[in-house]
Amino acid sequence: MNPWYIEEREFDPNKLHSNETVYTIGNGYFGTRGSFEEGYPKAYPGTLLFGVFDKIAIAKEELANAPDWLMIKLFVNDERFRLDQGKILDYHRTLDMQNGVLSRTVRWESPGGIRIRVTSELFASLADEHVGVIRYSVTAEDQPEKGAKLNVLVWSALNMAVGNYDVIHWEPVEQRRDGELLWLHTQTRHSSVQLIQTMSLTSRDCEFQKELIRSDTSPSIRIYKDLAVGEKLTVEKVVVMYTSRDVEDPLQTAIDHHHKILQSSVSPAELGNHYTVLVEGSRYFNPCVQIEPYETLLAEHKQAWHDYWQVSDVIIEGDDRAQQALRYNIYQLRISASSHDSRYSIAAKGLTGFGYRGHVFHDTEIFMLPYFTYVHPHIARNLLLYRYWLLPAARAKAKSNGYEGAQYPWESALNGDETTPPAIVHPETGELIPVLNGQIELHITASIAHGVWQYWQITGDDEFMREYGSEILLSTAEFWASRAMWYPESTHYEIDNVIGPDEWHEHVNNNAYTNYMAKWNIQVAIDALRWLKSTAPDKAKKLTQQLDLHEKRLARWYDVIAYIRIPQDKRTGLFEQFDGFFKLEPFDQEKYQGRITSYQGILGIKVVQYYQIIKQADVLMLLTTLDQQFDLKTKKVNWDYYYPITDHDYGSSLTPAFHVILACELGFVETAYHMFMKGALVDLEDLRGNSDEGIHCACAGAVWQAAILGLAGLRFTEDGYTTNPVWPDGWKRLAFTCFHKGKQIFIDLRK
């Protein structure tokens, strides 16, 4: 096993869709699923652009699957190369994570007995985010007619006949050519985002013919050549993409950018002597001009990935399987995050699939953001700025619900409106169910506040806290203080009718996670205001006036902190997940050995709520998120109660790896390793049977936290940092890089 490679050594049609997800390439500007260039029946090809949405019914809007840039059809003696026909003699696909390159080699025998070898290499340039590149080769190995040449046609196209499953979001505007280039101009049907894709197809080979074909929906370039047995034809496809979200004139920008790429790959003398402008619709002999953009683009791309891994790699010695899986999750975090755009964040499925429609949840702040905060703070800052830009929408949501401050939506896209659908068809039971999360799952507001505070504590970015973060903290604190209701009979503030992190129990009162995080949110907002008054009094005065932070309001904040109900036994430290949870029926999991679905899928939406069975970490997530607030005794008693009643296999993918941090603190090394691998392999082995919808990005972030905050035991203090590593069987070394207060730190732990 090469821990830098993800490999597939035989083609299994049953894994077509999940492997399209697994073999996604991307660069943060666009992600392209690992579909085959030649296509396959019922495939889900997809290219999702960062922040490019279009309207849909019910779920408001979704990332719009762009015209497919991968398409390359191959015909040999008029027989089409496709894996569902003929015979596959050999098959090997590799995702090289170190260099961000996806390659495939197929030896194939056509129905007519022709044998060929097809190889492809492709990447989404990390050095130039607007560029996608494919090198595609066909070698003639054998044919029934001995001595005769094979007529080879390589047909490259941009294909509009793709959608988000059954919904096509793009419509054609115009299609033309510019010298060697074809370009396609499309726009989203409702949001009117303009997309320009330019395409070139070149070859280092000589004596081929070339044809440019116009089409409003599938412009193409065709290359023809006769091959003797043993000969090979190699072509290089370059696609450049710009949208109206990027530049004012995406058409001219894309054309200029693409010509610059081609011109840098051939000398002026060669251009002057041999370059021929092709006329539309006719074949022309191509002089031997060595246009080779691939090598140049590949070298720049590899250097960008090298720079990324220099700070991002986590080295595990003694366990290649864990090493490979951890790198895969770190790879996935990078390809779904823009390095510079703060207008959008990371969706639950990143840019890898159509699940959750590209909407952003608290998955980003709780599970993914810590990786970027510790390792790529400039990206973390942008992820939090996304939340800052959407404060007006969060305030509007709070006001519409009768509350003050800012209430963030459970699902959001570009404008910050609530995009949670009101109802869905349950994926396991098939029943139409109301989706209450957008109405009563509130804890995302505190999750965002936690992301802001943690970012500040780790990075020391005072300018961010002064100009942006403090306003988020104060606005969210306002919401919580207004949402908590005073009950004289209990002498407590209470937060009723919510869904906590455990989404299998709805309409609950005083969820421990929600209430404690609300209390914490208000406290850090007060701390931030105090800091502002001492370091930036003018800003403090401005926010005090803007948010109307009068003495009476702040007095209520202190009152809520002091008297909010936290359902916890003060003697033992055991939290009750919510009021009445301990009165629910115990659940016998032994009856369901060998199940392949969640307990909610087995019992149904309503019945599962009567039992003490949990979808995902709730109380245990509180003890992990606010790790420093609780002692080991409290962590142990809650672990003993809640860990056994959580559905680790088919509940939520979010929390198995997240449990590792607590397991390590409590000394449960075997359990920690088991949970680590359950999270690390969730997509590589499609453990939950739903990877076809996209990568579990939150789980990827949790896997990094499991390794660094769990197995390495990293903690930052005022004086620096400490580690407290635990060592699964076989592990000999754990090494990684992080940043603290602007200083880069390399930590190398050896058993």
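Scroll up for the structure.
Computed from a prediction, not measured in an experiment: that's the story for all the values here. (Residues numbered from 1 in each chain as written. Predicted model: local features only at pLDDT ≥ 70, side-chain atom pairs only at ≥ 80, totals over all residues. Heavy atoms only, no water.)

## Some points on a negative patch on the surface
- Side chains of Asp178, Glu248, Asp249 and Asp256 sit close together on the surface and give a patch of like negative charge.
- Tracing the backbone through its elements, the reader meets Asp249 in the loop between strand E19 (232-243) and helix H2 (250-263).
- Judged by relative accessible area, Asp249 falls into the partly exposed class, the value being 41%. (Patch = residues over 30% accessible without salt bridge, like charges linked within 9 Å, V, L, I, M, F, W, Y side chains within 5 Å. Areas by Shrake-Rupley, 256 points an atom, 1.4 Å probe, with all protein chains shown as cover. Salt bridge = Lys/Arg side-chain N within 4 Å of Asp/Glu carboxyl O. Lys, Arg positive; Asp, Glu negative; His and termini not counted. Charge placed at Lys NZ, Arg CZ, Asp CG, Glu CD. Helix = DSSP H or I, 4+ residues; strand = E, 2+ residues; numbered from the N terminus. Buried < 20%, exposed > 50% of the residue type's maximum accessible area, 1.4 Å probe, protein only.)

## Some details on the pattern of salt bridges
- All chains considered together, the criterion is met by 45 salt bridges.
- Here Glu141 ties to Arg107 by a salt bridge, and the two come within 3.0 Å at their closest N and O atoms. Here the residue Glu141 occupies a position in strand E12 (residues 131-142), and Arg107 occupies one in strand E10 (residues 101-109), the gap between them amounting to 34 residues.
- For Arg321, the salt bridge goes to Glu685, with nearest N and O atoms at 3.2 Å. With a gap of 364 residues between them, Arg321 in helix H5 (residues 320-335) and Glu685 in the loop between helix H19 (669-680) and helix H20 (697-711) connect regions that are remote in the sequence.
- On the basis of relative accessible area, Arg321 is assigned to the partly exposed category, the value being 37%.
- On the basis of relative accessible area, Glu685 is assigned to the partly exposed category, the value being 42%.
- When salt bridges that share partners are traced, they join Arg135, Arg204, Glu236 and Glu295 into one network.

## Thoughts on the packing of aromatic side chains
- For the structure on display, the rule yields 55 aromatic pairs.
- The interplanar angle of 80° and the centroid separation of 6.4 Å between the aromatic rings of Phe716 and Tyr721 together place this pair among those described as edge-to-face.
- Of the residues examined, Phe716 reaches a relative accessible area of 18% and is grouped as buried.
- We classify Tyr721 as partly exposed; its relative accessible area is 38%.
- An aromatic cluster is present here, built from Trp4, Trp305, Tyr308, Trp309, Tyr328 and Tyr331 joined pairwise through their rings.
- Its end group placed over the ring of Trp155, Lys73 keeps NZ or CZ at 4.9 Å from the ring centre. (Phe/Tyr/Trp six-rings, centres within 6.5 Å; stacked < 30°, edge-to-face > 60°. Lys NZ or Arg CZ within 6 Å of the ring centre and 35° of its normal.)

## Focus: the packing of helix H11 (residues 462-483) against helix H13 (residues 537-546)
- Relative orientation of the contacting elements H11 and H13 amounts to 35°, with a least axis distance of 11 Å. Taken as a pair, H11 and H13 cross one another with a handedness that is right-handed. Side by side, H11 and H13 meet where Arg466, Glu467, Ser470, Glu471 and Leu474 of the first sit next to Lys539, Leu543 and Gln546 of the second.
- The residue inventory of the contact of H11 with H13, partitioned by class, reads two nonpolar, two polar and four charged. (Axes fitted to C-alpha atoms, helices over the stretch in contact; angles between N-to-C directions. Left-handed = near helix turned anticlockwise from the far one by under 90°. Contact = heavy atoms within 4.5 Å. Nonpolar A, V, L, I, M, F, W, Y, C, P; charged D, E, K, R; others polar.)

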